[in-house]
Structures are given as C-alpha cells and as structure tokens.
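Below are the chains, spelled out letter by letter.
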Amino acid sequence: MHDNDPPLARATYDQLADAFARHAEDGLYNAHYDRPALLGLLPPVAGLHVLDAGCGPGLYAAWLVAQGAMVVGLDVSPRMVALAQARLGGRATILEADLAQPLTMLADASFDLVISALALDYVPDWAPLFHELTRVLRPGGILAFSVVHPADDFYRLHPEGCYFDIEPVTVTFTFPEEGVKVAVPHYRRPLQAMLTPLLAAGFVLDQLLEPRPTEAFAARDPAKYAVLLRRPAFICVRARRG
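Since the model is a prediction, treat every value here as computed from it, not as a measurement.

## Details of the sheet that holds strand E4 (residues 111–117)
Taken together, the seven strands give an open sheet; going across it, the order is E3-E2-E1-E4-E5-E9-E8, and neighbouring strands pair in mixed fashion. Looking at which strands have only one partner, the edges of the open sheet turn out to be strand E3 (93–96) and strand E8 (203–209). Averaged over all adjacent pairs, the angle separating strand axes in this sheet is 15°, with direction ignored. Helix-sheet contacts for helix H4 (residues 78–88) involve strand E2 (70–75) and E3, and the interaxial angle to E3 is about 170°. Most of the contacts of helix H5 (residues 126–136) go to strand E5 (residues 137–148), to which it runs at about 145°, and overall it touches strand E1 (49–53), E4, E5, E8 and strand E9 (234–241).

## Comments concerning the pattern of salt bridges
Enumeration according to the criterion identifies eleven salt bridges in this entry. Glutamate 132 serves as the salt-bridge partner of arginine 135, at 3.0 Å between the closest nitrogen and oxygen. Here the residue arginine 135 and the residue glutamate 132 both occupy positions in helix H5, the gap between them amounting to three residues, near one helical turn. Salt-bridge contacts for aspartate 206 lead to arginine 238; the nearest nitrogen and oxygen are separated by 3.4 Å. Here arginine 238 lies in strand E9 and aspartate 206 lies in strand E8, a separation of 32 residues in the sequence. Under the relative-accessibility criterion, aspartate 206 is labelled partly exposed at 32%. By sharing partners, the salt bridges in this structure join Asp108, Glu132 and Arg135 into a single network.

## A short note on H5
Along H5, the residues that are buried comprise Trp126, Leu129, Phe130, Glu132, Leu133, Thr134 and Val136. The elements touched by buried residues of H5 are E1, E4, E5, helix H7 (191–200), E8 and E9. By the N-cap criterion, in which a side-chain oxygen at the helix start approaches the backbone nitrogen of a residue two or three places on, H5 is capped by aspartate 125, the distance to alanine 127 being 3.1 Å.

## With respect to the UniProt feature "domain: Methyltransferase type" (unreviewed entry) in the protein
Per the UniProt annotation, the sites labelled "domain: Methyltransferase type" (unreviewed entry) are residues 51–145. Between the C-alpha atoms that bound residues 51–145 the distance is 11 Å, and the span itself is 32% helix and 31% strand.

## Here we look at the packing of helix H1 (residues 10–24) against helix H2 (residues 28–39)
Packing of H1 against H2 leaves a shortest axis separation of 9 Å and a crossing angle of 75°. Taken as axis vectors, H1 and H2 run roughly perpendicular relative to one another. Each of Phe20, His23 and Ala24 in H1 lies in contact with H2, whose residues at this interface are Asn30, Ala31 and Arg35. In terms of residue class, the contact of H1 with H2 is built from three nonpolar, two polar and one charged.

## Side note on the side chain of aspartate 221
Inspection of the secondary structure puts aspartate 221 in the loop between helix H8 (215–220) and helix H9 (222–230). The buried category is assigned to aspartate 221, whose relative accessible area is 19%. A polar contact is formed between the side chain of aspartate 221 and the backbone nitrogen of lysine 224, at a distance of 3.1 Å.

## Regarding the pairing of E3
In the sheet, E2 pairs with E3 via four bridges, with the strands oriented parallel. Residue leucine 74 lies in a different strand from E3, and its bridge partner there is leucine 95. The parallel pair E2 and E3 is bridged by H4, and the resulting crossover is right-handed.

Rules used throughout
Residues numbered from 1 in each chain as written. Predicted model: local features only at pLDDT ≥ 70, side-chain atom pairs only at ≥ 80, totals over all residues. Heavy atoms only, no water. Pairing = 2+ DSSP bridges. Helix = DSSP H or I, 4+ residues; strand = E, 2+ residues; numbered from the N terminus. Axes fitted to C-alpha atoms, helices over the stretch in contact; angles between N-to-C directions. Contact = heavy atoms within 4.5 Å. Salt bridge = Lys/Arg side-chain N within 4 Å of Asp/Glu carboxyl O. Buried < 20%, exposed > 50% of the residue type's maximum accessible area, 1.4 Å probe, protein only. Polar contact = N/O pair within 3.5 Å; in protein donor to acceptor, adjacent residues only side chain to side chain. UniProt positions renumbered as here; feature names shortened; annotations may be inferred. Parallel < 35°, antiparallel > 145°, perpendicular 65-115°, else oblique. Nonpolar A, V, L, I, M, F, W, Y, C, P; charged D, E, K, R; others polar. Right-handed = clockwise from strand over helix to strand, strands pointing away.

Take a look at the structure:
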C-alpha cells in the first residue's frame, strides 16, 4: 500500500454504512458478541476523555456518552461519520480520519481511554498507530480494542496464505434483511504481529480476551452459538500506557 492510495475499506464502508448501522444495533456478532466483550474490558468511564478509534455509525460512542464520558470519534468513511454525527447529535465530536495516518488533530496526552471495535483490521501497519495512541493517551491510560481472531481469520476464512504474514484478504458482509452483499477487504495478521507493535509502543498488556457469545445470542442462533463456544471469531485486548 502506497501513501497516496485511498484507505483500504473507505469506499466499501461508504457503500454499506447505512445497512451496517441498522444491522449492528442488534446484530448477533456486534450486539451479542463483540460489544459486551469489549465494553466489559473498560473501566468506569464517567468523566473520562475517550477516543473511539474507528467509531463507525457511533454505537460505542453513544454508549460511552450515556455513561458520562467525553468522546471524540474518528472514522475513515465519510458516510459513517455522518451517521455517527446524526446519532450523537452534538454530544460527541466525530471527525473523518484515517487511522493509518498521523492523528495530527489530536493533542498529546489528551485522552484517558482509547477504544477501537473491529477497526484495526483495516490498518496495514499497527506500529505507527500504536505510537500515535501512546502519544494521545495520558500516562496510565487504557487502550481496549477488538479485531478478528487470527486463528479464525487464517484457518477458517483464508487458509490459502501464510499464517505468519500480514496480508490483504477479503470477507463478504451479507445483510439479507437489507438486501446488501459486499466484499470487504482487510488485513489478516498473526497474533505476534498484533502484540509485538503494541508492546514496542510502550503499552503493558493487561488482558487478552477470546470472547464467548451471550445467552441472547444462543436464543437467536443456537448453531452459531455452539460454534463460538468452541472456536472464537474475535479477540479483545486491554493494554495500559506505561
């Protein structure tokens, strides 16, 4: 990927933004798998300055604001930014930004917490981003993020490549109720390529979580629930700025 190339999935997420926003409100993998797991890693957020890195349509930002946090949300998709701004109604600052580029709009040591839900898979090189997040976090600040599980991404979805490589791959997002089916590119990477740049940027690993689906998930889709009890689809990380 070259510096003048457009961000990997910006056009794709502009295309599916409205369908995704409606689906993610109560979608199984969003509302009953990723969201409870990632939010469960957070400290009490009332009064904290929080960066939502890759905020999408603003679901996490809205939850954070409702809990009393002061939130800045960033997303690379102009349509996602518009949806998040509409959802938050001025209760948070939502900006268009590419996480693969320097976050020059953010001041040093200006956040207590950074959260990123299923967004880092679209960033080719995590090292510069983690250094930027170290810069904008206050000492002792927390980073909590979720991404596609490296084992699921390779062994189930993309077994034809090399597990140890960081490589571009594509997964199809299908929202039948919306009549939407879109091929979404992202970067697949091994576990060591997730943790090495995190630690090199000065973070201390607090917790690594391979989530389990909720009981509400089980009631909606027992077959997928049974699979996720045996094989995780996502992985969540909580780290502290050292």
